Amino acid sequence: MPSFTEILTASDAELVKFFYKIEPDPDEDFILRINKVADILDLNHTQLVCALGFNRYIRDLSDIYSTLGFRNYKLLSYRCNELFSTDTYNQLPIDNVIDIYSERLEDEEILESLREILVTRLENVEKDLDKHEDAAHIFSYRMEVHSVYTAGIVGADFAKMRIEKDISKYRMMSGEIDVIVELGYEPPSNLFFQDFLSPEEKVSLIEAKHITPDMVKNRLQNRDISAEERDLLEAYI
């Protein structure tokens, strides 16, 4: 049986080869049809819809997506985006997610769709992390955040938006500031003097040798910084 990645990256001819023998009952509900085809391919519902929905050739293969109960490609795309934006590594393990990001740069329409739903997806993952902060989910989240930057899915505007959000807990958890600095989206000195970053994030910039003692002294001259930040920074002068 083809794997998730094989369906995601398949050519049009390969997709036809994978699906031509599959004939679900046309009178069944589309959810049931998808589930039955997923079972045949040893995938789950979300994996099947996302592997097909993010495949750049599927939009022209109506015989395949209609087999799953979608009347047109737009409906498949809607369902794919819905599932991808709400899954929190339960149906799509992190290796599937990384494969989606690394493959989508080849298709501008799918890439733009990913960019539109990425904020919602990360927010859902972060809410889930608040409920059960287990090591496996944290590791997956860290890998995903790194991938959206390094794969070129997002750029400087996205980085700026994430810096200005009140999500220092998640930036620390994922090492997001390190990636932003490494890719040159924001100079570390600028980040250090901004109030958006937590004191712990500023300490991480110092320990990564991005910030000089003179910069720390300069920051400490600001009377408006919190007592917590002052206490942490004073240890570095």
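Residues numbered from 1 in each chain as written. Predicted model: local features only at pLDDT ≥ 70, side-chain atom pairs only at ≥ 80, totals over all residues. Heavy atoms only, no water.

**Student:** So what's going on with the side chain of lysine 202? Which residues, and what values?
**Tutor:** Among the structural elements, lysine 202 can be located in helix H14 (residues 199-207). The exposure class of lysine 202 is buried, given its relative accessible area of 0%. If near-sequence neighbours (up to four positions away) are discounted, lysine 202 is found in contact with Leu191, Phe192, Gln194, Asp195, Leu197, Arg219 and Glu229. (Helix = DSSP H or I, 4+ residues; strand = E, 2+ residues; numbered from the N terminus. Buried < 20%, exposed > 50% of the residue type's maximum accessible area, 1.4 Å probe, protein only. Contact = heavy atoms within 4.5 Å.)

**Student:** Just give me the short version of the packing of helix H8 (residues 108-131) against helix H9 (residues 135-150), but keep the residues and values in it.
**Tutor:** It is the contact of H8 with H9, at a shortest axis distance of 11 Å, that shows an interaxial angle of 160°. Put simply, H8 runs roughly antiparallel to H9. When the axes of H8 and H9 are compared, the crossing they make is left-handed. The residues of H9 that touch H8, namely those facing Leu118, Arg121, Leu122, Val125, Glu126, Asp128 and Leu129, are His137, Ile138, Tyr141, Glu144 and Val148. (Axes fitted to C-alpha atoms, helices over the stretch in contact; angles between N-to-C directions. Parallel < 35°, antiparallel > 145°, perpendicular 65-115°, else oblique. Left-handed = near helix turned anticlockwise from the far one by under 90°.)

**Student:** Break down the nonpolar core for me, citing the residues and quoting the values.
**Tutor:** If you look at the biggest cluster of nonpolar residues, it comprises 71 residues, and the most contacted ones within it are Phe19 and Phe84. For this core, the leading source of residues is H8, giving eight residues. (Core = buried A, V, L, I, M, F, W, Y, C linked by side-chain atoms within 4.5 Å.)

**Student:** I'd like a rundown of the environment of arginine 162, residues and numbers included.
**Tutor:** Turning to its location among the elements, arginine 162 is positioned in helix H10 (residues 156-164). Setting aside residues no more than four positions away along its own chain, arginine 162 makes contact with Leu122, Glu126, Tyr141, Val145, Tyr149, Ile167, Arg171 and Glu176.

**Student:** Break down a negative patch on the surface for me, citing the residues and quoting the values.
**Tutor:** A contiguous patch of negative charge on the surface is contributed by Glu6, Asp12, Glu14 and Asp60. Within the element layout of this structure, glutamate 14 appears in helix H2 (residues 12-19). We classify glutamate 14 as partly exposed; its relative accessible area is 38%. (Patch = residues over 30% accessible without salt bridge, like charges linked within 9 Å, V, L, I, M, F, W, Y side chains within 5 Å. Areas by Shrake-Rupley, 256 points an atom, 1.4 Å probe, with all protein chains shown as cover. Salt bridge = Lys/Arg side-chain N within 4 Å of Asp/Glu carboxyl O. Lys, Arg positive; Asp, Glu negative; His and termini not counted. Charge placed at Lys NZ, Arg CZ, Asp CG, Glu CD.)

**Student:** Hey, could you go over the environment of aspartate 128 for me, with residue numbers and the actual values?
**Tutor:** Here aspartate 128 is to be found in helix H8. The spacing of aspartate 128 and tyrosine 89 is 39 residues in sequence and 9.8 Å in space, taken between C-alpha atoms. Excluding its chain neighbours within four sequence positions, the residues that come into contact with aspartate 128 are Thr88 and His137. Here threonine 88 takes part through its side chain, which lies 3.5 Å from a polar atom of the side chain of aspartate 128. (Polar contact = N/O pair within 3.5 Å; in protein donor to acceptor, adjacent residues only side chain to side chain.)

**Student:** I'd love a proper account of H10, names of residues and values included.
**Tutor:** Taken together, the buried positions of H10 are occupied by Phe158, Ala159, Arg162 and Ile163. Across the axial projection of H10, the buried residues extend over an arc of 135°, all falling on one side. Where H10 is buried, its residues meet H8, H9, helix H11 (168-174), helix H12 (176-182) and helix H13 (188-192). (Arc of directions from axis to C-beta.)

The analysis is restricted to geometry; functional conclusions fall outside its scope.
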